[in-house]
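# Coordinate analysis (summary)
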Amino acid sequence: MAGRLDTNRLYATLDAERESRGLSWRQLAAEAGVSASLVSRMGNGHRPDLDGFIALVQWLGMPAETFMLWPQGMPDTRRRPSLEAQLAPLLRAEAELDEGDRQHLLDVVGLTMRHIRAKNTKESK
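Residues numbered from 1 in each chain as written. Predicted model: local features only at pLDDT ≥ 70, side-chain atom pairs only at ≥ 80, totals over all residues. Heavy atoms only, no water.

As named in an unreviewed UniProt entry, the protein is Transcriptional regulator with XRE-family HTH domain, taken from Amycolatopsis endophytica.

## Some remarks on the packing of helix α1 (residues 7-21) against helix α3 (residues 36-43)
Heads up, the rule is: Axes here mean lines fitted to C-alpha atoms, for a helix over just the part in contact, with angles spanning 0 to 180 degrees between N-to-C directions. By definition, any uninterrupted DSSP run of H or I lasting at least four residues is a helix, any uninterrupted run of E lasting at least two residues is a strand, and each is numbered from the N terminus. Orientation categories follow fixed angle ranges, with anything under 35 degrees roughly parallel, anything over 145 roughly antiparallel, 65 to 115 roughly perpendicular, and all other angles oblique. Crossings are sorted by hand: turned counterclockwise from the far helix by less than a right angle, the near helix makes the crossing left-handed, and turned clockwise it makes it right-handed. Should any heavy atoms of two residues lie within 4.5 Å, those residues are counted as being in contact. Residues are grouped as follows: Ala, Val, Leu, Ile, Met, Phe, Trp, Tyr, Cys and Pro are nonpolar; Asp, Glu, Lys and Arg are charged; every other residue, Gly included, is polar.
It is the contact of α1 with α3, at a shortest axis distance of 9 Å, that shows an interaxial angle of 120°. Accordingly, the angle class assigned to the pair α1 and α3 is oblique. Here α1 runs over α3; the crossing is left-handed. Two secondary-structure elements touch here, α1 through T7, L10, Y11 and L14 and α3 through V39, M42 and G43. The residue makeup of the contact of α1 with α3, split by class, is five nonpolar, two polar and no charged.

## Section: α3
One full turn of an α-helix is made of 3.6 residues, so residues set three or four places apart face in the same direction. Put simply, the test is: Only protein chains enter the area calculation, which uses a 1.4 Å probe; residues under 20% of their type maximum are buried, those over 50% are exposed, and those in between are partly exposed. Directions drawn from the helix axis to the C-beta atoms are what define this arc.
Taken as a whole, α3 has its buried residues at L38, V39 and M42. Taken end-on, α3 shows its buried residues confined to a sector of 90°, consistent with a single buried face. On its buried side, α3 packs onto α1, α2 (25-32) and α4 (50-60). Looking one or two residues past α3, G45 carries a phi angle of roughly 90°, positive in sign.

## Observations regarding the environment of A29
Assignment of secondary structure puts A29 in helix α2. Counting along the chain gives ten residues from A29 to V39, while the straight-line C-alpha distance between them is 7.0 Å. Dropping the residues within four chain positions of it, A29 is found in contact with V34, S35, A36 and V39.

## Some points on the pattern of salt bridges
Quick reminder of the rule: In the sections that follow, a salt bridge refers to a side-chain nitrogen of Lys or Arg positioned within 4 Å of a carboxyl oxygen of Asp or Glu.
Using the criterion set out here, one finds five salt bridges in the structure. Across the pair R21 and E17 runs a salt bridge whose closest N-O atoms are separated by 2.6 Å. Taken as a pair, R21 and E17 lie in helix α1 at a separation of four residues, close to a single helical turn. Judged by relative accessible area, which is 38%, R21 ranks as partly exposed. Notably, a salt bridge pairs R18 with E19, separated by 3.7 Å at the nearest N-O pair. Bridged by salt links that share partners, the residues D15, R18 and E19 form one connected network.

In structure tokens, the structure reads:
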């Protein structure tokens, strides 16, 4: 098996987004195009089917890889996306931000991450 789904992380992310939008679980399910029983089963630790998983990550506006776990001993050899790349789709989905606000936030994060990486490089020498 190449990877596994972190159902708990997916459910927690759905719950946080649901609360931020002021939705019930039933409303979330309807907006995402999945059954209410699917999200209920996930709350009990069950994995969604593939179509349900796709619908939920699309509703969240997040990449599916966000919710993947790699089995012990099997390194994730892909290059991990930068924090800026991970934040960009989340910021695009935020209705309260205009394009200038989004870019400003990405610039701040980018500058901060460059500072941290430079500091870590100096400390490792």
